[in-house]
Amino acid sequence: MTDHAGRDVGRASGSIDAYLRQLERELRQGGYADARVMEEVREHLVDAVDDGLGRGLSAEDAEREAFERFGPPEAIAAHLIPGRHPMINRFVTLTRDVVWPHRWWVLTPTVVTAILTSVLSYYYLPTRYRSESIIEIVSPQPVPAPLQSPAADQARARFQTISQTILNRSRLEWIIKDFGLYGAEQAQVPISNAVLQMRRDIAVEFLAGDARTENAVGGFKVSFESSNPTLALKITERLASLFVEENLRQREGQATGATQFLDAEIADLRRRLIELETSVEELRARNGRGQVSQADLIPYEVLRDRYKTLLIRREEYRSVANQERRELGEQFKVAEAARLPERPLGPSRLGVTVTGALMGLGVGLVVVGVKRRTRAA
Amino acid sequence: MTAETLKGHLELLLLAAVQPGPAHGYAIAEKLRSRSKGAFDLPEGTLYPALHRLERAGHLASRWSEVNGRRRRVYQLTAKGQKTLATRHGEWHEFARAVQAVVGGLA
């Protein structure tokens with residue numbers, strides 16, 4: 001387009017382009033870009049130059065005057081750039097210029113994946129509950145301070161031995177069958193898989209310090225996780241009682257082991273005693289009423305006395321062992337019984353939905369980025 | 001008049017400049033220059049951030065307008081801008097009168 005004097009009107013000259021490039025560079029350094037303001041500046045400068053030419057100025061003078069009046073690019077950029085960190089400006093600019101015009105490309109996958117993940121997670125990620133019980137290892141009498149650390153070590157060792165016993169395959173198989181866990185009842189899952197799964201759902205953890213019971217030298221936490229809160233409670237209760245029972249049983253085993261030797265000797269003596277008794281009876285029968293030589297009776301009496309002594313000793317030993325078991329051994333006491341879990345452990349429905357939404361958002365942003373790149377290319 | 005002096009009154013000036021009717025940036029700058037007889041020594045580029053600020057605040061509305069193949073952003077007063085202009089105008093009168101009363105008396 002030309003005006004009456006035949007000059008170009010409304011077209012930016014080379015120096016206006018240079019001015020605009022400089023302004024754009026200044027803005028970009030502040031993380032800012034604004035297509036609208038660039039267009040406004042361009043039109044403004046074109047108008048200003050036209051005006052100057054109209055007043056008879058040379059092209060050069062008209063441009064110089066226009067730039068002077070408009071102000072140096074760096075000063076104008078400083079006015080235009082919002083007073084924020086360049087990174088934030090860049091983010092705002094990208095969101096406004098790139099994402100916003102394509103908002104449906106971003107919003108649609110965000111909403112769709114958010115809905116999809118929350119619906120799918122409802123079916124494939126059942127809510128989990130965990131019930132836990134705290135058991136403390138209690139010493140029969142107060143442990144003096146210097147012995148506390150070895151006592152704690154001993155308690156930990158005891159806990160480890162017993163938890164190995166509890167978590168062995170056959171024990172778990174029992175529980176699995178008892179409660180019909182993991183669909184093992186219906187043979188949906190091989191029992192070995194069910195055992196592995198159960199080991200994952202059980203957690204046992206040794207706790208040092210922080211005892212609630214008097215004379216506790218250690219403690220541990222047993223927990224079980226399930227999608228059924230009642231089941232979580234029941235299994236945790238069962239596991240806790242297994243720990244307590246197993247501890248008792250192992251200590252009993254030690255005590256009986258010690259009396260086994262006596263038992264064998266007593267059985268042997270008893271057999272010999274009965275043999276002698278029979279032969280003495282036979283002698284009596286042969287020799288007529290009551291006529292048995294003292295010489296024949298003495299070995300029998302010796303044996304009888306010894307038998308008596310052994311029986312007494314065994315009795316004493318047993319009661320001492322019992323005493324020891326009751327009073328001297330460490331006991332497992334349930335310090336905190338399993339409770340019905342009130343709140344689910346997870347997964348957080350909100351978390352799942354937000355994750356889904358973020359994934360969709362990511363996909364949407366990538367799509368917009370690719371679209372922009374292919375258009376630029 | 002320095003830019004610093006002008007700063008506090010720039011918004012009033014811009015609102016007043018578009019009161020008669022919609023105008024684009026260059027026309028507004030022209031109006032400020034000619035009406036003040038060049039007294040406002042303000043880089044014209046700084047009008048744009050101020051115009052955008054007024055638009056964000058709802059005092060101005062803008063749209064593209066195409067005349068003779070030239071696309072220009074045109075600004076006009078909103079109802080809210082009208083009200084603000086009236087208030088500011090009143091305040092300015094009050095202020096100018098008070099300043100004049102004091103300074104004029106001294107002179």
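Residues numbered from 1 in each chain as written. Chains lettered and ligands numbered in written order. Predicted model: local features only at pLDDT ≥ 70, side-chain atom pairs only at ≥ 80, totals over all residues.

Student: Looking at this structure, how should I read the overall build of chain A?
Tutor: The secondary structure content of chain A amounts to twelve helices and four strands. Counting the 377 residues in chain A, one finds 21% classified as buried. (Helix = DSSP H or I, 4+ residues; strand = E, 2+ residues; numbered from the N terminus. Buried ≥ 20, exposed ≤ 12 C-beta atoms within 10 Å, placed from the backbone.)

Student: Hey, could you run me through the overall build of chain B in this one?
Tutor: From N to C terminus, chain B includes five helices and three strands. Along the chain direction, N to C, the helices and strands of chain B fall in the order α-α-β-α-α-β-β-α. The buried share of chain B, taken over its 107 residues, is 25%. For chain B, the share of sequence-separated contacts (at least 6 apart) that also reach a separation of at least 24 residues comes to 52%. (Contact = placed C-beta atoms within 7 Å.)

Student: So what exactly am I meant to see when it comes to the nonpolar core here?
Tutor: Side chains of nonpolar character tend, in soluble globular proteins, to be buried together. Counting residues in hydrophobic clusters, the biggest one holds 33 residues, and the most contacted among them are Leu45 and Leu80 of chain A together with Leu14, Val18, Ile28 and Leu51 of chain B. Of all the secondary structure elements, the ones that give two or more residues to this core are α1 (14–29), α2 (35–54), α3 (59–70) and α4 (73–80) of chain A together with α2 (10–17), α3 (25–35), α4 (47–56) and β3 (70–77) of chain B. Sorting elements by how many residues they give to this core places α2 of chain A first, with six residues. Discounting residues that sit within four places of it in the chain, Leu45 of chain A has contacts with Ile16, Tyr19, Ala66 and Phe70 of chain A. (Core = buried A, V, L, I, M, F, W, Y, C linked by C-beta atoms within 7 Å.)

Student: So what exactly am I meant to see when it comes to the sheet that holds strand β2 (residues 60–67) of chain B here?
Tutor: Sheet strands pair via backbone hydrogen bonds, and the direction of the pair is either parallel or antiparallel. All names here are of chain B. Judged by pairing direction, the sheet is antiparallel, and its three strands sit side by side in the order β1-β3-β2 without closing on themselves. Edge positions in the sheet fall to β1 (23–24) and β2, since each has one partner strand and no second. On top of the sheet, α4 reaches β2 and β3; it is set at about 120 degrees to β2, its chief contact. (Pairing = 2+ DSSP bridges. Axes fitted to C-alpha atoms, helices over the stretch in contact; angles between N-to-C directions.)

Student: Hey, could you run me through α3 of chain A in this one?
Tutor: For an α-helix the count is 3.6 residues per turn, leaving residues at separations of three or four pointing the same way. Residue and element names in this part refer to chain A. With twelve residues, α3 should cover 16 Å at 1.5 Å per step; its first-to-last C-alpha distance of 16 Å lies within 8% of that length. On its buried side, α3 packs onto α1, α2 and α4. Taken from the residues just after α3, Gly71 is the one with a positive phi, measuring 105 degrees. (Expected span 1.5 Å × (residues − 1).)

Student: Honestly, the interface of chain B and chain A in this entry has me stumped. Any pointers?
Tutor: By a frequent convention, interface size equals the accessible area lost on bringing the separate parts together. Listed by partner, the interface residues are 13 residues for chain B and 17 residues for chain A. Elements supplying a minimum of two residues to the side of chain B that touches chain A: α3, α4 and β3 of chain B. Broken down by element, the side of chain B that touches chain A gets its largest block of residues, three residues, from β3 of chain B. Here the side of chain B that touches chain A is built from residues that sort into four nonpolar, five polar and four charged. (Nonpolar A, V, L, I, M, F, W, Y, C, P; charged D, E, K, R; others polar.)

Student: Please clarify how the pairing of β3 of chain B should be interpreted in this entry.
Tutor: The side chains of a regular strand alternate, first on one face of the sheet and then on the other. All names here are of chain B. Pairing of β1 with β3, which is carried by two bridges, proceeds in the antiparallel orientation. When the sheet's bridge partners are listed, His24 is paired in β3 with Val74. Strand direction decides the pairing type here: β2 and β3, joined by eight bridges, are antiparallel. Along β3, the bridge assignment pairs Glu66 with Arg71.

Student: So what exactly am I meant to see when it comes to the sheet that holds strand β1 (residues 129–138) of chain A here?
Tutor: All names here are of chain A. Pairing within the open sheet is antiparallel, and its four strands lie in the order β2-β3-β1-β4. Each end of this open sheet is capped by a strand with a single partner; those strands are β2 (202–207) and β4 (331–336). The average undirected angle you get between the axes of adjacent strands in this sheet is 25 degrees. Of the strand pairs in this sheet, β2 and strand β3 (residues 216–226) are connected by six bridges, and their pairing is antiparallel. Directly across from Val204, in β3, lies its bridge partner Val222.

Student: How should helix α12 (residues 349–376) of chain A be read in this particular structure?
Tutor: Residues and elements named next belong to chain A. Taking 1.5 Å of rise per residue, the 28 residues of α12 would be expected to cover 40 Å, and the 40 Å separating its terminal C-alpha atoms lies within 8% of that figure. Residues of α12 that are buried: Gly356, Gly360 and Gly364. Its buried side turned inward, α12 meets α6 (103–124).

Student: How should I be thinking about the confidence of the model for chain B in this particular structure?
Tutor: In low-pLDDT regions, the fine details of the predicted coordinates are not to be read closely. Averaged over all residues, the pLDDT of chain B is 88; the fraction at 70 or higher stands at 91%. Taken together, the chains of this predicted complex give a pTM of 0.52 and an interface ipTM of 0.89. (pLDDT = per-residue confidence, 0-100.)

Student: I would appreciate a short explanation of unusual backbone geometry in the present structure.
Tutor: The bulk of non-glycine residues show a negative phi, and the bulk of peptide bonds are trans. All names here are of chain B. Look at Lys37: it is not a glycine, yet its phi comes out positive at around 55 degrees. For Lys37, a count of 7 C-beta atoms within 10 Å corresponds to the exposed category. For Asn68, which is not glycine, the phi dihedral falls at a positive 50 degrees. Mapped onto the secondary structure, Asn68 falls in the loop between β2 and β3.

Student: Before we go on, may I ask you to explain the packing of α6 of chain A against α12 of chain A in this structure?
Tutor: To characterise two packed helices, one gives the angle between the axes of the helices and the distance between these axes. Residue and element names in this part refer to chain A. For the pair α6 and α12, interaxial distance at closest approach is 7 Å and the crossing angle is 150 degrees. By the angle class used here, α6 and α12 are roughly antiparallel. For α6 against α12, the interelement crossing comes out right-handed. In the contact of α6 with α12, the residues fall into 14 nonpolar, ten polar and one charged. (Parallel < 35°, antiparallel > 145°, perpendicular 65-115°, else oblique. Left-handed = near helix turned anticlockwise from the far one by under 90°.)

Student: Explain the packing of α2 of chain B against α3 of chain B to me, please; I cannot follow it from the model alone.
Tutor: Residues and elements named next belong to chain B. The interhelical angle for the contact between α2 and α3, taken along N-to-C directions, is 110 degrees, at an axis separation of 10 Å. When the interaxial angle is binned, α2 and α3 end up roughly perpendicular. In this structure, α2 uses Leu13, Leu14 and Ala17 to contact α3, whose residues at the interface are Ile28, Lys31 and Leu32. Of the residues assigned to the contact of α2 with α3, the class counts are five nonpolar, no polar and one charged.

Student: In this structure, what is going on with the confidence of the model for chain A? I would like to understand it.
Tutor: All names here are of chain A. Summarising the model, chain A shows a mean pLDDT of 84, and 90% of its residues fall at 70 or more. Confidence, expressed as mean pLDDT per element, reaches its minimum in chain A at helix α11 (residues 294–328) with 79 and its maximum at α3 with 93. pLDDT under 50 marks residues 1–7. Its contacts with residues more than four places away, or in other chains, come to nine contacts.

Student: What exactly am I supposed to notice about the environment of Asn168 of chain A here?
Tutor: Residues and elements named next belong to chain A. Tracing the chain through its elements places Asn168 in the loop between α7 (148–166) and α8 (169–179). For Asn168, a count of 11 C-beta atoms within 10 Å translates into the label exposed. Counting along the chain gives 27 residues from Asn168 to Val195, while the straight-line C-alpha distance between them is 9.0 Å.

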